[in-house]
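Residue-level structural notes
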Amino acid sequence: VAVTTRLLVSHLSGIRHYEKDIAKVKEEKEKANRAFKLTKPYQDKEQKEEGGKGIEKTDAVKPRKEHEGEVKSRNSKPGKRDKEFEQEEYYLKEKFGSVIESLKIFKNDPLFFKPGSQFLYSTYGFTLLSAVVERASGQKFTDYMLKMFRDLDMLSTVLDDNEAMIYNRARCYVYNKKGRLVNAPYVDNSYKWAGGGFLSSVGDLLKFGNALLYSYQAGQFKNTNDKLLPGYLKPDTVAMMWTPVPKTEVSWDRDGKYAMAWAVVEKKQQCGCCRQQRHYASHTGGAVGASSVLLILPEELDPEAIDAGLVAPPRGVIVSIICNMQSVSLNSTALKIAREFDKEKWSQ
């Protein structure tokens with residue numbers, strides 16, 4: 001078989017996640033699918049009823065199994081543990097000198113399926129991607145990324161290195177089995193810098209979102225290109241990154257598909273006065289003692305306003321939430337916030 005970078009970036013490679021037992025992974029996926037099938041008829045019924053009244057439904061029904069750091073239900077009680085956080089490898093304390101060195105954790109393990117045939121979220125897939133960057137660039141992945149963060153003016157984004165003194169670093173918390181709040185345990189993230197090894201701030205994540213949104217929209221301003229600076233990425237590159245990939249799925253929003261390192265929901269409305277689905281891109285994050293989300297809701301630009309030079313990129317709503325608590329579901333909250341700001345803009 002061949003494992004390409006495109007398969008890695010869309011979690012279609014077959015490389016395992018933290019769970020080594022493929023039978024357990026299949027069992028969890030089947031449970032999640034059964035739970036989704038049970039809730040879908042009620043969701044469809046609600047959408048039809050509200051569609052007839054002209055009411056927009058914004059809450060997507062969440063499946064029981066969610067990815068890295070997401071709680072299984074909004075009604076989860078404190079102390080209810082996500083099975084992912086019960087995996088031993090989540091709490092590794094070994095320090096690796098390079099991401100290529102850390103590949104030894106999983107490089108001899110069998111693939112769970114033929115690459116390209118199924119979707120399985122894999123942090124180790126991104127560890128392999130970072131090793132590709134390390135070899136292709138000829139420098140350490142961490143050095144490569146820190147230079148990129150400087151280019152983007154993300155000066156508060158650093159490695160989550162336990163030994164380093166990092167100004168304003170937040171303490172992280174978890175609920176124990178008794179439902180009591182305790183300090184998160186020590187871990188070393190050098191085995192997964194690309195999949196959960198950076199510390200950042202809300203402000204830096206907003207800068208990152210704006211840089212992507214600017215790059216995405218800059219190509220639409222064809223008549224004013226001489227007045228605009230180029231985006232950090234080419235418009236076609238961001239459009240490709242935000243194009244849903246077949247056979248993928250998104251645990252935190254079943255309306256979406258996985259694209260290239262982003263979850264994407266496409267614009268859709270099946271019937272008049274029914275639920276309207278806006279195009280947006282997002283990604284949640286989970287670590288030992290922390291949860292996060294970055295959501296980008298691009299504005300639907302008016303071609304006449306663009307040609308007249310009345311607007312300039314970036315145009316849209318970007319929401320960033322960082323929480324120093326493990327297993328907090330944040331995507332639906334971020335989407336509600338984005339929709340409120342979007343409504344406010346159009347009401348003016």
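Residues numbered from 1 in each chain as written. Predicted model: local features only at pLDDT ≥ 70, side-chain atom pairs only at ≥ 80, totals over all residues. Heavy atoms only, no water.

**Looking at unusual backbone geometry**
Of the consecutive residues proline 313 and proline 314, the connecting peptide bond is found in the cis state with omega at 0 degrees. Secondary-structure assignment places proline 314 in the loop between α9 (303-307) and β9 (316-323). Phi is positive for aspartate 153, which is not a glycine, with a value near 65 degrees. (Helix = DSSP H or I, 4+ residues; strand = E, 2+ residues; numbered from the N terminus.)

**Re helix α5 (residues 141-151)**
Taken residue by residue, α5 has Phe141, Thr142, Met145 and Phe149 as its buried positions. Projection of α5 onto a plane perpendicular to its axis shows the buried side chains occupying an angular sector of 95 degrees, all on one side. In this structure, the buried side of α5 is in contact with α3 (99-102), α4 (123-137), β1 (158-159), α6 (193-196) and β4 (198-199). Downstream of α5 by a residue or two, aspartate 153 has a phi angle that is positive, lying close to 65 degrees. (Buried < 20%, exposed > 50% of the residue type's maximum accessible area, 1.4 Å probe, protein only. Arc of directions from axis to C-beta. Contact = heavy atoms within 4.5 Å.)

**Thoughts on a nonpolar patch on the surface**
A cluster of nonpolar side chains, Val1, Val3 and Leu111, forms an exposed patch at the surface whose accessible area comes to about 270 Å². For leucine 111, the position within the fold is in the loop between α3 and α4. In this structure leucine 111 comes out as partly exposed when scored by relative accessible area, which is 35%. (Patch = residues over 30% accessible without salt bridge, like charges linked within 9 Å, V, L, I, M, F, W, Y side chains within 5 Å. Areas by Shrake-Rupley, 256 points an atom, 1.4 Å probe, with all protein chains shown as cover. Salt bridge = Lys/Arg side-chain N within 4 Å of Asp/Glu carboxyl O.)

**Focus on the side chain of glutamine 326**
Examined against the element boundaries, glutamine 326 turns out to sit in the loop between β9 and α10 (331-347). Among the polar contacts listed, one links the side chain of glutamine 326 to the backbone nitrogen of glycine 289, at a separation of 3.0 Å. (Polar contact = N/O pair within 3.5 Å; in protein donor to acceptor, adjacent residues only side chain to side chain.)

**A few points about the environment of glycine 289**
Structurally, glycine 289 is set in the loop between β7 (280-287) and β8 (290-298). Distance in space between the C-alpha atoms of glycine 289 and proline 185 is 8.0 Å, their sequence separation being 104 residues. Setting aside chain neighbours within four positions, we find glycine 289 in contact with Cys172, Tyr173, Val174, Ala184, Cys323, Asn324, Met325 and Gln326.

**Looking at the confidence of the model for the protein chain**
With 84% of its residues at a pLDDT of 70 or more, the protein chain has an overall mean of 85. Here helix α2 (residues 22-52) is the element of the protein chain with the lowest mean pLDDT, 65, and helix α1 (residues 5-9) is the one with the highest, 98. Throughout residues 46-80 the model reports pLDDT below 50, and contacts reaching past four residues in sequence, or to other chains, amount to 85 contacts. (pLDDT = per-residue confidence, 0-100.)

**Observations regarding the sheet that holds strand β5 (residues 257-258)**
Within the open sheet, the five strands sit side by side as β5-β6-β7-β8-β9. Their pairing is antiparallel. Each edge of the open sheet carries a strand with a single partner, namely β5 and β9. In the sheet, β8 pairs with β9 via eight bridges, with the strands oriented antiparallel. Within β9, the position partnered with leucine 295 by the bridge is valine 319. (Pairing = 2+ DSSP bridges.)

**A short note on the pattern of salt bridges**
Counted under the stated rule, the structure contains 14 salt bridges. Aspartate 109 is the salt-bridge partner of arginine 16, the closest N and O atoms lying 2.6 Å from each other. You can see arginine 16 sitting in the loop between α1 and α2 and its partner aspartate 109 sitting in the loop between α3 and α4, a full 93 residues away along the chain. What makes arginine 16 buried here is its relative accessible area of 2%. For the salt bridge of arginine 315 with glutamate 299, the shortest nitrogen-to-oxygen distance reads 3.6 Å. Of the two residues, arginine 315 is situated in the loop between α9 and β9 and glutamate 299 in the loop between β8 and α9; the sequence distance between them amounts to 16 residues. By relative accessible area, which is 24% here, arginine 315 ends up partly exposed. Classification of glutamate 299 as buried rests on a relative accessible area of 12%.

**A few points about the pairing of β8**
Taken across its nine residues, β8 has eight buried, putting it largely inside the fold. The sheet contact formed by β7 and β8 spans seven bridges and is antiparallel. By the bridge assignment for β8, alanine 281 is matched with isoleucine 296. Connecting β7 to the antiparallel partner β8 that follows it, the hairpin turn spans two residues, and glycine 289 within it adopts a positive phi of roughly 90 degrees.

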